[in-house]
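# Notes for the structure review
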Amino acid sequence: MKIFQNLNFVLVDTSHPGNIGACARAMNSMGILNLSLVNPKEFPSKESEARAKSGKKVLDKAKIHENLNEAINTSNLVIGTSARSRSMPWPMMEINDLGKVINESLARKEEVSIVFGNEAFGLDNEDLGKCDFHLQIPTTKDSSLNLSHAVQIVAHEIHKESLSDLSIQVREVELATSMQKEKLMEHIEIVLELLDFYDHQNPKQVPARLTRLIKRMQLDKLEIGILRGILTKLEDRLTNN
């Protein structure tokens, strides 16, 4: 079975240790061994180990993080799962396209993270805003999937597509990492503050929409560098005049 070296599944604020074990079992069955846990309520746990069965090796190497940024900062592509519609439209990833997109990215040696939220509430808007795409798994109306079931479906789609022949388009420059995109957004906000650009009645609307734009553009590292260079020149001009 193929092992997905550069693929990381991230569980955020998981409330029940048994669900962590069940997710590890689902991942292991599809060759996905990298698990990151952001603020789990209880881990390690004997219940996690019992539910993991053959996936215990996934638990043994799982990484614990205080926040989502720590878990995804080196990732070039971040996909967040969401069962709820959001007020602001966000770039969406269809479940039927998921396997192809991820396998192509992994074939280019890019790092990919798939993010799953809390069992009851999913990912909050702040964490979803750190993702490049949102993924909704279609279900019947007014129903939702158990966390481990969602992990199993996503893992299966990735594994299934890995068995197909891929035609890979090579990138000239590697995609920017999540951290580089975050730093770009922080730099943009600094310059916009200097320009007094924000609507003081609704100051959060512009950053949210600019973040969505940056995620949709899928910038590479060179493009990030060019934009940061332009922003630095603007910042210098604004602060020195």
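Report on the accompanying structure. All figures in this text were calculated on a predicted structure; none of them were measured in a lab.

## Observations concerning the nonpolar core
In this structure, Leu7 and Phe9 are the most contacted members of the largest nonpolar core, which totals 37 residues. In terms of residue count, the dominant contributor to this core is helix α7 (residues 147–162) (6 residues). Excluding anything up to four places from it in sequence, Phe9 contacts Met27, Ile32, Asn34, Leu35, Ser36, Ile114, Phe116, Val151, Val154, Ala155 and Ile158.

## So, a nonpolar patch on the surface
A grouping of Ile190, Leu194, Leu195, Phe197, Leu222, Ile226, Leu227, Ile230, Leu234 and Leu238 is seen on the molecular surface, where their side chains present a nonpolar patch of about 870 Å² in accessible area. For the nonpolar patch, the secondary-structure elements that each account for two or more residues are α8 (178–194) and α10 (221–240). The biggest single contributor to the nonpolar patch is α10, with 6 residues. If you trace the backbone, Leu194 turns up in helix α8.

## A closer look at helix α1 (residues 17–29)
For α1, which comprises 13 residues, the first-to-last C-alpha distance of 19 Å matches the rise-based estimate of 18 Å (1.5 Å per residue) to within 8%. For α1, a buried count of 11 out of 13 residues is recorded, marking the element as mostly surrounded by other parts of the structure. On its buried face, α1 sits against β1 (7–12), β2 (34–38), α2 (46–52), α3 (56–60) and α7. Of the residues one or two after α1, Gly31 is the one with positive phi, at around 80°.

## Points about the environment of Val151
With respect to the secondary-structure elements, Val151 resides in helix α7. Separated by 70 residues in sequence, Val151 and Thr81 have C-alpha atoms that sit 9.6 Å apart. With residues near it in sequence (within four places) discarded, Val151 still touches Phe9, Leu11, Cys23, Ala26, Met27 and Phe116.

## Remarks on the packing of aromatic side chains
Under the defined criterion, the tally for this structure stands at 1 aromatic pair. Here Phe9 and Phe116 contribute two aromatic rings whose centre-to-centre distance is 5.4 Å and whose plane-to-plane angle is 45°, an arrangement assigned as tilted. Here Phe9, found in strand β1, pairs with Phe116, found in strand β6 (residues 112–116); they are 107 residues apart in sequence, far enough to count as distant. Judged by its relative accessible area of 1%, Phe116 falls in the buried class.

## Here's the deal with the layout of surface pockets
Put simply, the second largest pocket is a space of about 480 Å³. For the second largest pocket, the lining is made up of 24 residues, of which Ser82, Ala83, Ser144, Leu145 and Ala150 are closest to its centre. Split by residue class, the lining of the second largest pocket holds 10 nonpolar, 11 polar and 3 charged.

## Focus on the pattern of salt bridges
As enumerated under the stated definition, the model contains 7 salt bridges in all. A salt bridge links Asp60 to Lys56, with the shortest nitrogen-to-oxygen separation between them at 3.0 Å. Remark: Lys56 and Asp60 occur in helix α3; sequence separation between them is 4 residues, near one turn of the helix.

## Quick notes on the environment of Ser144
Structurally, Ser144 can be placed in the loop between β7 (133–135) and α7. Judged by relative accessible area, which is 61%, Ser144 ranks as exposed. Spatially, the C-alpha atoms of Ser144 and Ala120 are 9.7 Å apart, while their sequence positions differ by 24 residues.

Conventions adopted
- Every chain's residues receive numbers from 1 upward, in the order its sequence appears when written.
- Selection of residues for local features in this predicted model requires a pLDDT of at least 70, selection of side-chain atom pairs for listing and counting requires 80 or more, and totals for whole chains, interfaces and linings are taken over all residues.
- The basis for the side-chain values is all heavy atoms of the structure; hydrogens and waters are excluded.
- Side-chain atoms within 4.5 Å are what join buried Ala, Val, Leu, Ile, Met, Phe, Trp, Tyr and Cys residues into a set we call a nonpolar core.
- Burial classes follow relative accessibility: with a 1.4 Å probe on protein chains only, a residue under 20% of its type's maximum area counts as buried, one over 50% as exposed, and anything between as partly exposed.
- Going along the chain from the N terminus, every DSSP run of H or I of four or more residues is numbered as a helix, and every run of E of two or more is numbered as a strand.
- Here, two residues are considered to be in contact whenever any of their heavy atoms come within 4.5 Å of each other.
- By definition, no residue in a patch forms a salt bridge, and every one has over 30% relative accessible area; like charges are joined within 9 Å, nonpolar side chains (Val, Leu, Ile, Met, Phe, Trp, Tyr) within 5 Å.
- All accessible areas in this document rest on Shrake-Rupley with a 1.4 Å probe, and a residue is counted as covered only by the protein chains that are shown.
- The salt bridge definition used is simple: a Lys or Arg side-chain nitrogen within 4 Å of an Asp or Glu carboxyl oxygen.
- An expected span of 1.5 Å times one less than the residue number is assigned to each helix.
- Classification of ring pairs rests on two measures: the distance between centres of Phe, Tyr or Trp rings, Trp counted by its six-membered ring, which must be within 6.5 Å, and the angle between planes, read as stacked under 30 degrees, edge-to-face over 60 and tilted in between.
- A 1.4 Å probe that fits into a set of points on a 1 Å grid over the protein atoms alone but cannot get out defines a cavity; an open set with protein on both sides within 12 Å along at least five of seven lines defines a pocket, and lining residues are those with an atom within 4 Å of a point.
- Grid points are joined across faces, edges and corners, and a volume is the space filled by probe spheres set on the points.
- As a working rule, the residues Ala, Val, Leu, Ile, Met, Phe, Trp, Tyr, Cys and Pro are called nonpolar, Asp, Glu, Lys and Arg charged, and the rest polar, with Gly in that last group.

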